[in-house]
Amino acid sequence: MIKGPYTTRFPKEPLRPYERFRGRPYFHEEDCMGCTACAQVCPVGAIEVLDEVRYGKGKRKLVVHWDICIFCGQCQANCPTTKGILLSREFDFATTEKREDLKQEIEKELMVCSCCGEAVVPYDQYLWVAQKIGPLVFSNASLILFYLKTLELALGEKTPPKKEMDFSRSDRMNLLCPRCRREAALKS
């Protein structure tokens, strides 16, 4: 009674939550590699993944819907880079405006199969794996080719997608999706 009311003066004065408070998740575009681990572990499906391949170029769009998110922190806990998506301490984002404003989108460039033209993996994920495993990158044909292209030591000429699945031994050195790589290994 002498001390006064315990309630905060939230609308008039900003409330500072404690340090480990789980608030709104944000993608950090430079640290996110687009691997979709966050979307796979999200219990409510608040993270949407949209892959689009047009004219031999691919883009992956990652969208976090804050209006669906329950702020469980699974996305941050399961991010391989540990900095791709982080929870902030923001909690006050109610709006009477459009629901479409309650989301964040980022885009990542996809690497495309040189045979069938399907999306394989984001460019940033390949780069992260190559840096993570270091010299062991030379034990995988796709990673060797990718690594040499990033160093501008390999030819960057594009081969048009094949109409038939007629693989030769040299096709195993191309960037292929798992289905085409299996076919190339069996037929060469």
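Since we're looking at a predicted model, the values are computed, not measured. (Residues numbered from 1 in each chain as written. Predicted model: local features only at pLDDT ≥ 70, side-chain atom pairs only at ≥ 80, totals over all residues. Heavy atoms only, no water.)

**Student:** Honestly, the overall build of the protein chain in this entry has me stumped. Any pointers?
**Tutor:** Looking only at helices and strands, the protein chain features five helices and six strands. Going through the 188 residues of the protein chain one by one, you find that 32% of them count as buried. Considering only contacts in the protein chain between residues 6 or more positions apart, those separated by 24 or more positions represent 66%. Surface accessibility of the protein chain: about 13200 Å² in total, with carbon and sulfur atoms responsible for 53%. (Helix = DSSP H or I, 4+ residues; strand = E, 2+ residues; numbered from the N terminus. Buried < 20%, exposed > 50% of the residue type's maximum accessible area, 1.4 Å probe, protein only. Contact = heavy atoms within 4.5 Å. Areas by Shrake-Rupley, 256 points an atom, 1.4 Å probe, with all protein chains shown as cover.)

**Student:** When you look at a nonpolar patch on the surface in this model, what are you seeing that I'm missing?
**Tutor:** Where nonpolar side chains cluster on the molecular surface, the patch consists of Val44, Ile68 and Ile70 and spans about 230 Å² of accessible area. For Ile68, a relative accessible area of 35% translates into the label partly exposed. (Patch = residues over 30% accessible without salt bridge, like charges linked within 9 Å, V, L, I, M, F, W, Y side chains within 5 Å. Salt bridge = Lys/Arg side-chain N within 4 Å of Asp/Glu carboxyl O.)

**Student:** Even after reading the chapter, I still don't get the pattern of salt bridges, so can you show me in this structure?
**Tutor:** For side chains of opposite charge, pairing can occur when their charged atoms come near one another. All chains considered together, the criterion is met by eight salt bridges. A salt bridge links Glu107 to Lys59; its shortest N-O distance comes to 3.6 Å. Here the residue Glu107 occupies a position in strand β5 (residues 103–112), and Lys59 occupies one in strand β3 (residues 57–65), the gap between them amounting to 48 residues. A relative accessible area of 39% places Glu107 in the partly exposed class. For the salt bridge of Lys61 with Glu105, the shortest nitrogen-to-oxygen distance reads 3.9 Å. With Lys61 in strand β3 and Glu105 in strand β5, this pair connects stretches of sequence that are 44 residues apart.

**Student:** Looking at this model, I keep getting lost on the sheet that holds strand β6 (residues 119–122). Mind explaining?
**Tutor:** Adjacent strands of a sheet pair through backbone hydrogen bonds, lying either parallel or antiparallel. Reading across from one edge, β2-β3-β5-β6 is the order of the four strands in this open sheet, with antiparallel pairing throughout. Edge positions in the sheet fall to β2 (47–54) and β6, since each of these pairs with one other strand and no more. Each neighbouring strand pair of the sheet contributes to a mean axis angle of 35°, computed without reference to strand direction. Inspection of the sheet shows β5 paired to β6 by three bridges, in the antiparallel sense. If you follow Leu110 over to β6, its bridge partner there is Pro122. Lying over the sheet, helix α3 (residues 123–133) contacts β5 and β6, oriented at roughly 60° with respect to β6. (Pairing = 2+ DSSP bridges. Axes fitted to C-alpha atoms, helices over the stretch in contact; angles between N-to-C directions.)

**Student:** Help me out: how do you make sense of helix α4 (residues 141–150) in this one?
**Tutor:** Each full turn of the α-helix corresponds to 3.6 residues, which orients residues three or four apart in the same direction. Along α4, the residues classified as buried are Ser142, Leu143, Ile144, Leu145 and Phe146. Summarising the contacts, the buried residues of α4 are in contact with β5, α3 and α5 (178–187). Glu152, located one to two residues past α4, shows a positive phi value of around 60°.

**Student:** How should the packing of aromatic side chains be read in this particular structure?
**Tutor:** The description of an aromatic ring pair uses the distance of the two centres, along with the angle that the planes make with each other. Overall, the coordinates contain three aromatic pairs when judged by the stated rule. Both rings, one in Phe21 and one in Phe91, keep their centres 5.9 Å apart while their planes meet at 75°; by these two values the pair is edge-to-face. Here Phe21 is found in the segment before β1 (25–27), whereas its partner Phe91 is found in the loop between β4 (85–87) and β5, with 70 residues between them in sequence. Both rings, one in Tyr26 and one in Trp66, keep their centres 5.3 Å apart while their planes meet at 70°; by these two values the pair is edge-to-face. Taken together, the residues Tyr26 in strand β1 and Trp66 in the loop between β3 and α2 (74–77) connect sequence positions 40 residues apart. Taking the relative accessible area as the measure of exposure, Tyr26 reaches 22% and is therefore partly exposed. Taken together, the ring pairs connect Tyr18, Phe21 and Phe91 into an aromatic cluster. Across from the ring centre of Trp66, 4.3 Å away, lies the NZ or CZ of Arg24, which sits over that ring. (Phe/Tyr/Trp six-rings, centres within 6.5 Å; stacked < 30°, edge-to-face > 60°. Lys NZ or Arg CZ within 6 Å of the ring centre and 35° of its normal.)

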